[in-house]
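Letter by letter, the chains look like this.
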Amino acid sequence: MEIRKFKNIHRLTILLILCVILALSCNNKATDEIKFHGVSQKQAKNKKTEKVTEFAVDAPPFSYGIYPCTDCHANFAPKPEKRELVEWHDDISAIFNHDSENRWCLDCHDLKSRDSLRLASGKLLDFKESYKLCGQCHGEKLRDWKVGVHGKRTGFWNGKKEYLLCVHCHDPHAPKFKEITPEPPPVRQEDIK
Amino acid sequence: MKNENSRRSFLKNIALASFATLALSGCDMKALEEFLQQNFRTLSKKEKNKIIKNLAIDYKKKYGKEFNVSDKPALEGTLFGYALDLARCVGCRRCVYACVKENNQSREPQVHWIDVLQMEKEKGIDFAHSTSQYNPEKVPSEGHFYLPVACQQCSNPQCTTVCPVKATWQEPDGIVVVDYNWCIGCRYCMAACPYGARHFNWGEPTIPVEEINTEMHYLGNRPRMKGVVEKCTFCIQRVREGKYPSCVEICPVGARKFGNLLDPESEIRYILENKRVLVLKQELNTQPKFYYFFGI
């Protein structure tokens, strides 16, 4: 009787130890292997892609003879009232379509320091940093652009990339993307000889 | 009763053997070697080197240019993923022709790896009411959106499982490739692909010599033969060198995004984690690594 009892306890402890080992091993697996598309994440973390460096391409050129603005504006007395431009910059007036009801030149260009852009706060900004100006209203686009989701990046997916500024694709005075001519459609299946 | 050692069967075999010798003697050693070449995945490094070296020589002879044929294997720790912003694609087809040029597709008969579908905004993603034949003066046209389709690089590809000779498979970096030399042209894979992403060379492919891309990968953009199937490889010859695919580079609206799904810092991972993403024909459980998203 005693012996049988002892045997049972012995079996029980072995079973218990086995259970603990099993539980531990399961636990380990759960923490170690976060699978993403069948490939272990841990392995991916160890092998980090090389340091990504990003470079801005040069800002697009100004229209011919338009910059620096002070070349002309130094000779004019500043007029801060909102108005339709007729004599100069009438080409911009004609295409201006960027909340034209509420905005005009001096919302982005500075009245006194003509060669600079101007944030709503009054802070002056170089033309090279125009994206900060755009980001005042289009904050969510700026956020996406910074991580490479809005806008275009070229170069190396695991290294040096070049990105375009807002003004490369969007005319700041009429930012809607222009329609383009499509390339020819494919040959129809039935037209293939 | 049939006698296995009959005079008749002996004569038959002799005739067959002599015919085979005659046929083989007709081609040179190189053609014979190519004929007997094994599946790419079973080749040793040495054999691969010899094959790609010979290919470069052959191409030089044919096109009169220097070629760089690569057999670079997958980079460790990479799994490629692609995302396309449906809100931004304007359907201009620049990607289609950049792809043709980069990947040496046949111009005549025409082979396109990317098919840009025009869909109606009212109907949403509805293949039955889509067309790739749209040709207005300017795009995008009112009331429409565009959905370019190429190989979806499925994690659970059906095209590879149906191949009777295992001439197509998924590489460790997730790219589904074809060994053109091993393909028998049965087109089972084309029937199995729910995205129409595989294309058959019905005729001898033609590529203008001045337009041929000399940077090649054995499993990618090297010139194909008549009678084999081909497909998008995410520009394997570019992406394994770290470059973006050429459709990403050409897209005038920046709707195409590419990167390493295993790198938490990549653009593609940001999109998956922060945008509304969909895959085509999800119900088929092909698990594409080509995601469509709305970047608005």
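Before reading further, recall that the structure is shown in the block above.
Residues numbered from 1 in each chain as written. Chains lettered and ligands numbered in written order. Predicted model: local features only at pLDDT ≥ 70, side-chain atom pairs only at ≥ 80, totals over all residues.

Caption draft 1: Seen up close, the overall build of chain A. Along its length, chain A carries 7 helices and 7 strands. If you list the helices and strands of chain A from N to C, you get α-β-β-α-β-α-α-β-β-α-α-β-β-α. By the burial criterion, 9% of the 193 residues in chain A qualify as buried. Put simply, 49% of the contacts in chain A that link residues at least 6 apart link residues at least 24 apart. (Helix = DSSP H or I, 4+ residues; strand = E, 2+ residues; numbered from the N terminus. Buried ≥ 20, exposed ≤ 12 C-beta atoms within 10 Å, placed from the backbone. Contact = placed C-beta atoms within 7 Å.)

Caption draft 2: Representation of the overall build of chain B in the model. The secondary structure content of chain B amounts to 9 helices and 12 strands. Across its three principal directions, the C-alpha atoms of chain B cover 80 × 50 × 40 Å. The buried share of chain B, taken over its 296 residues, is 41%. Residue pairs in contact within chain B that sit at least 24 positions apart in sequence constitute 66% of those at least 6 positions apart.

Caption draft 3: Spotlight on the sheet that holds strand β2 (residues 80-85) of chain B. All names here are of chain B. Spatially, the 4 strands line up as an open sheet ordered β10-β2-β12-β11, and their pairing is mixed. Two strands close off the open sheet at either side, each with one partner strand: β10 (256-260) and β11 (276-278). Ignoring which end each strand starts from, the neighbouring axes of this sheet average 30 degrees apart. As paired elements, β11 and strand β12 (residues 290-294) share 3 bridges and run antiparallel to each other. In the strand pairing of β12, Val-277 is matched with Phe-293. (Pairing = 2+ DSSP bridges. Axes fitted to C-alpha atoms, helices over the stretch in contact; angles between N-to-C directions.)

Caption draft 4: Summary view of helix α9 (residues 267-274) of chain B. Residue and element names in this part refer to chain B. Along α9, the residues that are buried comprise Glu-267, Ile-268 and Ile-271. For α9, the buried positions fall inside an angular range of 100 degrees around the axis, keeping them on one side. Check the buried side of α9 and you find it contacts β2, β10, β11 and β12. (Arc of directions from axis to C-beta.)

Caption draft 5: The arrangement of the pairing of β12 of chain B in detail. All names here are of chain B. By the criterion of burial, β12 is predominantly enclosed, with 4 of the 5 residues buried. As defined by bridge partners, β2 adjoins β12 across 4 bridges and the pair is classed as parallel. For Leu-84, the partnering residue across the bridge sits in β12 and is Tyr-292.

Caption draft 6: Main features of the environment of Cys-134 of chain A. All names here are of chain A. Looking at the element boundaries, Cys-134 is found in helix α5 (residues 130-137). Sequence-wise, Cys-134 and Ala-120 are 14 residues apart; in three dimensions their C-alpha atoms are separated by 11 Å. Once residues lying within four places of it in the same chain are set aside, the contact partners of Cys-134 are Leu-142 and Cys-166.

Caption draft 7: Spotlight on the nonpolar core. Grouped together as the largest cluster of nonpolar side chains are 67 residues, with contacts concentrated most on Cys-95, Cys-99, Ile-114, Phe-234 and Cys-247 of chain B. The element best represented in this core is helix α4 (residues 94-102) of chain B, accounting for 5 residues. (Core = buried A, V, L, I, M, F, W, Y, C linked by C-beta atoms within 7 Å.)

Caption draft 8: Spotlight on the environment of Glu-283 of chain B. Note on placement: Glu-283 of chain B falls in the loop between β11 and β12. Remark: the alpha-carbon pair of Glu-283 of chain B and Glu-230 of chain B, spanning 53 residues in sequence, is separated by 25 Å.

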